[in-house]
Amino acid sequence: MSNENCPSFDNPPVIETALSIQFDELSNFKTTHFGMFYETVKDRFPIVVDKSRLAPVKEYFPRIPQMQGIRFRSNEGGPERVWYKEPDNGSKMLQLQPDRYVFNWCRKDLEEYPRYETYLPVCLEEFKSFSDWAVKNDLGEIKPNLCEVTYINRLYTKEGENLSDFFGTVFTGLEWKTSDGWLRQPPRMLHSIEYL
């Protein structure tokens with residue numbers, strides 16, 4: 001599909017994007033490698049935040065929708081994922097874990113969305129630097145097994161619109177029906193969600 005066939009909006013509601021490259025687990029990756037990698041990016045991404053690890057994504061074909069299982073994990077063994085962020089006024093961030101590399105853009109104030117075509121080359125350049133670093137530090141060659149593009153949009157209700165009607169507008173075809181009237185409709189959780 002060419003970009004000419006894709007819709008483009010003058011002022012999209014996107015507030016965050018993430019380009020993620022998942023790869024085969026680097027079995028030799030240790031907690032100290034987060035710090036070693038930090039030394040290579042600290043001039044651009046000086047802020048470090050420890051985070052829990054993202055679960056691996058597996059795709060099956062033909063595609064059969066499946067619920068993800070419940071995972072339990074302990075916090076022993078140090079950080080499992082690290083955010084490397086630009087200074088407070090910056091909008092870019094790297095995320096690293098032993099099987100995933102993510103490049104994020106997060107909107108700051110009224111900053112214009114930089115578009116996929118703009119930040120994809122930046123992401124690939126940063127990923128190449130990480131891949132070269134991994135080989136240089138005896139972690140092995142990076143073998144990607146999945147790529148993801150995530151867009152996070154902020155949507156607002158119209159004045160006076162209730163949240164259940166708003167969900168029905170955004171997710172067309174969603175109807176709050178029950179076959180026997182036993183459960184309250186719409187679900188109570190919709191009434192308790194707070195606006196951001």
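In the block above lies the structure referred to throughout.
Rules used in this analysis
- Residues numbered from 1 in each chain as written.
- Predicted model: local features only at pLDDT ≥ 70, side-chain atom pairs only at ≥ 80, totals over all residues.
- Heavy atoms only, no water.
- Buried < 20%, exposed > 50% of the residue type's maximum accessible area, 1.4 Å probe, protein only.
- Helix = DSSP H or I, 4+ residues; strand = E, 2+ residues; numbered from the N terminus.
- Pairing = 2+ DSSP bridges.
- Arc of directions from axis to C-beta.
- Contact = heavy atoms within 4.5 Å.
- Patch = residues over 30% accessible without salt bridge, like charges linked within 9 Å, V, L, I, M, F, W, Y side chains within 5 Å.
- Areas by Shrake-Rupley, 256 points an atom, 1.4 Å probe, with all protein chains shown as cover.
- Salt bridge = Lys/Arg side-chain N within 4 Å of Asp/Glu carboxyl O.
- Phe/Tyr/Trp six-rings, centres within 6.5 Å; stacked < 30°, edge-to-face > 60°.
- Axes fitted to C-alpha atoms, helices over the stretch in contact; angles between N-to-C directions.

Moving on, we get to the pairing of strand 5 (residues 100–106). Counting buried positions along strand 5 gives six out of seven residues, so the element sits mostly inside the fold. Note that strand 1 (residues 14–23) and strand 5 share seven bridges and pair antiparallel. Along strand 5, the bridge assignment pairs isoleucine 21 with tyrosine 101. Bridging between strand 4 (residues 92–97) and strand 5 involves six bridges; their strand directions are antiparallel. Counted as the bridge partner of leucine 94 is phenylalanine 103 from strand 5. Hairpin remark: strand 4 followed by strand 5, antiparallel, with two residues in the connecting loop.

The subject of this paragraph is helix 1 (residues 31–41). Of all the residues in helix 1, the buried ones are His33, Phe34, Phe37 and Val41. All buried residues of helix 1 project into a common sector of 105° when viewed along the axis, lining one side. Here the buried face of helix 1 lies against strand 3 (81–85), strand 4, strand 5 and helix 2 (116–136).

The subject of this paragraph is a nonpolar patch on the surface. A surface patch of nonpolar side chains, about 260 Å² in accessible area, is lined by Leu155, Val170 and Phe171. Tracing the backbone shows leucine 155 in the loop between strand 6 (144–153) and helix 3 (163–170). A relative accessible area of 44% places leucine 155 in the partly exposed class.

Let's shift gears to the packing of aromatic side chains. Inspection of the entire model under this criterion finds 14 aromatic pairs. With a centroid separation of 4.9 Å and 70° between ring planes, the pair formed by phenylalanine 29 and phenylalanine 34 is classed as edge-to-face. Between tyrosine 38 and tyrosine 84, the aromatic rings sit 6.4 Å apart at their centres with planes inclined by 20°, giving stacked as the arrangement. Of this pair, tyrosine 38 sits in helix 1 while tyrosine 84 sits in strand 3; the two residues are 46 residues apart in sequence, bridging distant segments of the chain. These aromatic residues form a ring-pair network of at least three members: Phe23, Phe37, Tyr38, Tyr84, Tyr101, Phe127, Phe130 and Trp133.

In this structure, threonine 169 sits in helix 3. Taking relative accessible area as the criterion, threonine 169 reaches 48% and is therefore assigned partly exposed.

Another aspect to go through is the sheet that holds strand 1. One open sheet holds the six strands; their spatial order is 2-3-4-5-1-6, and the pairing between them is antiparallel. Only two strands of the sheet have a single neighbouring strand rather than two, namely strand 2 (47–51) and strand 6. Along the sheet, successive strands turn relative to each other by an average axial angle of 15°, direction set aside. Contacts from helix 2 reach strand 1, strand 4, strand 5 and strand 6, with the element oriented near 35° to strand 1.

So, about the pairing of strand 1. Within strand 1, eight of the 10 residues are buried, leaving the element largely enclosed by the surrounding structure. Here strand 1 pairs with strand 6 via nine bridges, running antiparallel. Each residue of the ladder has a partner; that of phenylalanine 23, found in strand 6, is proline 144.

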